[in-house]
Amino acid sequence: MSWNFREDIPIFIQLASFIEDDIFCLKYREGEALPSTTELSATLRINPATVLKGVNILVDEGLVEKRRGLGMYVKENAREMIKEKRKASFSSSFVFPLVNEAKKLGMTEDEILDAVKKEIKND
């Protein structure tokens, strides 16, 4: 696990984000168990209560389910739910700042589109 925690964001929020990203990238597949709270806290060297608080965010979002006596499991359709959530925030998180900065630079619509197309081709 190569999660690097930042100082400016609570660890439980970062943990939830890292696990969500791992679900989206298929490290944890739908129907599979997540590592236990104890395992995560030992591996990451963080308090088990912090781990539980982070995982509970994913439970509240409907991405993970608690199975009594068995642990936490990735719910069916979790990846699709994450994809839809990310699509919904894509414009405000990425497009708006890009266009805003391009306008400050005096770029035209065509120049912005050309820059985006160039990056797509370089991928």
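Bear in mind the structure is a predicted one, so any value in this text is a computation, not a measurement. (Residues numbered from 1 in each chain as written. Predicted model: local features only at pLDDT ≥ 70, side-chain atom pairs only at ≥ 80, totals over all residues. Heavy atoms only, no water.)

Draft legend 1. Quick peek at a negative patch on the surface. Taken together, the side chains of E30, E76, E80 and E84 present a region of like negative charge at the surface. Tracing the backbone through its elements, the reader meets E80 in helix α4 (residues 78–104). Judged by relative accessible area, which is 41%, E80 ranks as partly exposed. (Patch = residues over 30% accessible without salt bridge, like charges linked within 9 Å, V, L, I, M, F, W, Y side chains within 5 Å. Areas by Shrake-Rupley, 256 points an atom, 1.4 Å probe, with all protein chains shown as cover. Salt bridge = Lys/Arg side-chain N within 4 Å of Asp/Glu carboxyl O. Lys, Arg positive; Asp, Glu negative; His and termini not counted. Charge placed at Lys NZ, Arg CZ, Asp CG, Glu CD. Helix = DSSP H or I, 4+ residues; strand = E, 2+ residues; numbered from the N terminus. Buried < 20%, exposed > 50% of the residue type's maximum accessible area, 1.4 Å probe, protein only.)

Draft legend 2. Examining the packing of helix α1 (residues 11–24) against α4 more closely. Viewed as axis vectors pointing N to C, α1 and α4 meet at an angle of 115°, and their least axial separation amounts to 9 Å. Taken together, the axes of α1 and α4 are roughly perpendicular relative to one another. Considering only the axes of α1 and α4, their crossing is left-handed. Where α1 approaches α4, its residues E20, D21, I23 and F24 are matched on the opposing element by A78, R79, I82, K83, K85 and R86. Residue composition of the contact of α1 with α4, grouped by class: four nonpolar, no polar and six charged. (Axes fitted to C-alpha atoms, helices over the stretch in contact; angles between N-to-C directions. Parallel < 35°, antiparallel > 145°, perpendicular 65-115°, else oblique. Left-handed = near helix turned anticlockwise from the far one by under 90°. Contact = heavy atoms within 4.5 Å. Nonpolar A, V, L, I, M, F, W, Y, C, P; charged D, E, K, R; others polar.)

Draft legend 3. Focus on the UniProt feature "domain: HTH gntR-type" (unreviewed entry) in the protein. The UniProt record annotates "domain: HTH gntR-type" (unreviewed entry) at residues 9–77. Regarding residues 9–77, the helix share stands at 51% and the strand share at 12%, and the terminal C-alpha atoms are separated by 28 Å. (UniProt positions renumbered as here; feature names shortened; annotations may be inferred.)

Draft legend 4. Structural view of unusual backbone geometry. The phi dihedral of L26 falls on the positive side, at around 70°, and the residue is not glycine. On the secondary structure map, L26 appears in the loop between α1 and α2 (37–44). By relative accessible area, which is 34% here, L26 ends up partly exposed. The phi dihedral of N77 falls on the positive side, at around 70°, and the residue is not glycine.

Draft legend 5. Representation of the nonpolar core. Core analysis: the largest hydrophobic core is formed by 21 residues, its most contacted members being W3, I19, I23, L34 and V64. The leading source of residues in this core is α1, at six residues. Leave out the neighbours within four places in its chain, and I23 touches Y28, V64, V74, A78, R79 and I82. (Core = buried A, V, L, I, M, F, W, Y, C linked by side-chain atoms within 4.5 Å.)

Draft legend 6. Structural detail: the pattern of salt bridges. All told, the structure shown has six salt bridges when counted by the stated rule. The closest approach of N and O atoms between E20 and R86, which form a salt bridge, is 3.8 Å. Of the two residues, E20 sits in helix α1 while R86 sits in helix α4, which places them 66 residues apart along the sequence. R86 is the partner of D21 in a salt bridge, and the nearest nitrogen-oxygen pair spans 2.8 Å. You can see D21 sitting in helix α1 and its partner R86 sitting in helix α4, a full 65 residues away along the chain. For R86, a relative accessible area of 28% translates into the label partly exposed. What you see here is one network of salt bridges that share partners, running through E20, D21, E61, K85 and R86.

Draft legend 7. Examining helix α3 (residues 48–60) more closely. Between its first and last C-alpha, α3 extends 18 Å over 13 residues, near the 18 Å set by a 1.5 Å rise per residue. Taken together, the buried positions of α3 are V51, G54, V55 and L58. Buried positions in α3, seen along its axis, are confined to an arc of 95° and lie on one side of it. Across α3 from its buried face, at more than 90 degrees, point the exposed residues A49 and D60. Of the residues flanking the end of α3, it is G62, one or two places downstream, whose phi is positive at about 80°. (Expected span 1.5 Å × (residues − 1). Arc of directions from axis to C-beta.)

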